[in-house]
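Structural overview for review
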Amino acid sequence: MHKFTAPPLSFVGNKKYFSKIYLEFLDFALLSGVINKQTIFLDCFGGSGWLSHITKQRFPKNRVIWNDYDNYQERLERIPQTNAIRQELLRIKEKNLSKEKTKQEILKVLNANLNYDLRTISGYLTFCGQTLKEDLSNFVPSALEKITKTTIKEPIGYLEGVERVQSDAVNLIETSAGGGGYFLILDPPYLQTHSKSYEGYFNLSDYARLLNAIKKPYCLFGSAKSDILELLSLVEEKEQIKGFCVYGESFTKMNQGIKDRDYLIYNF
Ligand SMILES: C[S@@+](CC[C@H](N)C(=O)[O-])C[C@H]1O[C@@H](n2cnc3c(N)ncnc32)[C@H](O)[C@@H]1O
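All of these numbers come straight from a predicted model, not from anything done at the bench.

Looking now at helix α5 (residues 99–111). For α5, built from 13 residues, the straight-helix expectation of 18 Å at 1.5 Å per residue is met to within 8% by its first-to-last C-alpha distance of 18 Å. Within the sequence span of α5, burial applies to Thr102, Lys103, Ile106, Val109 and Leu110. Along α5, the residues classed as buried sweep out an arc of 125° about the axis, all on the same side. Counted as exposed and oriented over 90 degrees from the buried face of α5: Lys108 and Asn111. In this structure, the buried residues of α5 make contact with α4 (79–94) and α6 (118–125).

Listed below in structure tokens is the structure:
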């Protein structure tokens, strides 16, 4: 198995930057007796599977369930096709053609490859997380400079032993976690973010549904931007929220030096 230092394919909002704090937290939960050999980890907002991956690495004998709401699995399976398209794009880039000719050549390649990994290929041809349109109207020629010559590695063993489901997170919690023995990993999208990168759009009522459904023990990633602590305080009378704690914080540098503050919250 390769040693993974990041998800095999880029994924907006992946929790790679939280890995160290999260792994320390898992040890803390183990020492607190919350995690044992029978614990089933339910990664409700699975995204790139990064949290499932590192949880399985840390507890290889435990069941880990990854909710692949975005169908990241399909992107992983398409890596050979993505690598082939990448090679073609590199060849086109080297020709230094006009923007229109470059577009035409790219369209030929894309039309010959049905159902390509839209997110990765968009990353090669656009900026600012824009998604490619069929007519390439979002194409920015200078974006081609970003294409690396290095082949994307096959994700061998990345989610080995991890079980995969695809469901709305709240439905999943309601149908699976009722019987106990589960440890919920909750990493919902930021509140009210119009992220083009995700399948869903998470608004206040989605948060309310989620906070109603969650069951202890759990850990919850949330950001100051989403007012997560204020939100939890508002509903603190609920048994499943009462006594929540912040385990750790992480600061992500945003544009113009502004830092975004993310929390790892838990409740046992
Ligand atoms: C912050 S990301 C999770 C990132 C993930 N922990 C990782 O490390 O890659 C939130 C994820 O929740 C997904 N999502 C949005 N609405 C959802 C829903 N109703 N049920 C389950 N997942 C949902 C998004 O598409 C996105 O993949």
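You can read the domains of the protein chain as domain 1 (21–29 + 38–71 + 166–238) and domain 2 (77–146). Centre-to-centre separation of domain 1 and domain 2, based on C-alpha positions: 34 Å.

This brings us to the site of the ligand. The local shell around the ligand holds 23 residues, among which Ser48, Asp70, Asp168, Ala169 and Asp187 are the closest. Between the ligand and aspartate 168, the relevant distance is 2.8 Å, taken from a nitrogen atom to a side-chain nitrogen or oxygen of the residue. Within the backbone of alanine 169, an N or O atom sits 2.9 Å from a nitrogen atom of the ligand. Here the ligand loses 97% of its free accessible area of 600 Å² to cover by the protein chains. Of the residues that constitute the shell around the ligand, the class distribution is 11 nonpolar, seven polar and five charged.

Attention now moves to the packing of aromatic side chains. Under the defined criterion, the tally for this structure stands at 21 aromatic pairs. Judged by centre distance (5.4 Å) and plane angle (35°), the rings of phenylalanine 28 and tyrosine 247 are tilted. Pair noted here: phenylalanine 28 is in helix α1 (residues 19–31) and tyrosine 247 is in strand β6 (residues 245–253), with a separation of 219 residues, a long-range link. Using a relative accessible area of 28% as the deciding quantity, one classes phenylalanine 28 as partly exposed. Tyrosine 247 sits in the partly exposed class, given a relative accessible area of 27%. Members of the aromatic cluster, each reached through a chain of ring pairs, are Phe25, Phe28, Phe41, Phe59, Phe183, Tyr247, Tyr266 and Phe268. A cation sits over an aromatic face here: arginine 58 above phenylalanine 59, 4.7 Å from the ring centre.

The subject of this paragraph is the packing of helix α7 (residues 169–176) against helix α8 (residues 204–213). Packing of α7 against α8 leaves a shortest axis separation of 10 Å and a crossing angle of 15°. In terms of orientation, α7 and α8 fall into the roughly parallel class. For the crossing formed where α7 meets α8, the hand is left-handed. For the pair α7 and α8, the contacting residues are Val170, Asn171, Ile173 and Glu174 in the first and Arg209, Leu210 and Ala213 in the second. For the contact of α7 with α8, the residue count by class is four nonpolar, one polar and two charged.

As for its placement among the helices and strands, aspartate 187 is situated in the loop between β4 (182–186) and α8. Only 3.2 Å separates the side chain of aspartate 187 from the side chain of lysine 15, close enough to count as a polar contact. Ignoring any residue separated from it by four or fewer positions in sequence, one finds aspartate 187 in contact with Gly13, Lys15, Phe45, Leu51 and Phe221.

Conventions used here
Counting restarts for each chain: residues are numbered from 1 in the order of the written sequence. Since the coordinates come from a predicted model, pLDDT governs what is reported: local features require at least 70, and pairs of side-chain atoms require 80 or more to be given and counted, while whole-chain, interface and lining totals use all residues. Excluding hydrogens and water, the side-chain figures rest on all heavy atoms present in the structure. Where helices and strands are cited, they refer to DSSP runs of H or I of at least four residues and of E of at least two residues respectively, numbered from the N terminus. One fewer than the residue count of a helix, multiplied by 1.5 Å, yields its expected span. Buried, partly exposed and exposed residues are distinguished by accessible area as a fraction of the type maximum, computed with a 1.4 Å probe on protein chains only: under 20%, between the cut-offs, and over 50%, respectively. The arc in question is formed by the directions pointing from the helix axis toward the C-beta atoms. Contacts: residue pairs with any heavy atoms within 4.5 Å of one another. What marks off one domain from the next here is an automatic or database domain assignment. Whether a residue is near a molecule or strand is decided by its heavy atoms; if any one of them lies within 4 Å of it, the residue is near. For this analysis, a polar contact is any N or O atom pair within 3.5 Å, provided that within protein one partner can donate a hydrogen and the other can accept it, and provided that sequence-adjacent residues contribute only side-chain to side-chain pairs. Accessible surface area values rest on a Shrake-Rupley calculation with a 1.4 Å probe, where residue burial reflects the displayed protein chains alone. Residue polarity is assigned by list, with Asp, Glu, Lys and Arg as charged and Ala, Val, Leu, Ile, Met, Phe, Trp, Tyr, Cys and Pro as nonpolar; anything else, Gly included, falls into the polar class. Stacked, edge-to-face and tilted labels apply to pairs of Phe, Tyr and Trp rings (six-membered ring for Trp) whose centres lie within 6.5 Å, assigned for plane angles under 30 degrees, over 60, and everything in between, in that order. Over a ring means this: the NZ of a Lys or the CZ of an Arg is within 6 Å of the ring centre and within 35 degrees of the ring normal. Only the stretch in contact is used when a helix axis is fitted, and all axes are lines through C-alpha atoms; the angle between N-to-C directions ranges over 0 to 180 degrees. Angles below 35 degrees are treated as roughly parallel, those above 145 as roughly antiparallel, those between 65 and 115 as roughly perpendicular, and all remaining angles as oblique. Whether a crossing is left-handed or right-handed is set by the direction in which the near helix is turned from the far one by less than a right angle, anticlockwise for left-handed and clockwise for right-handed.

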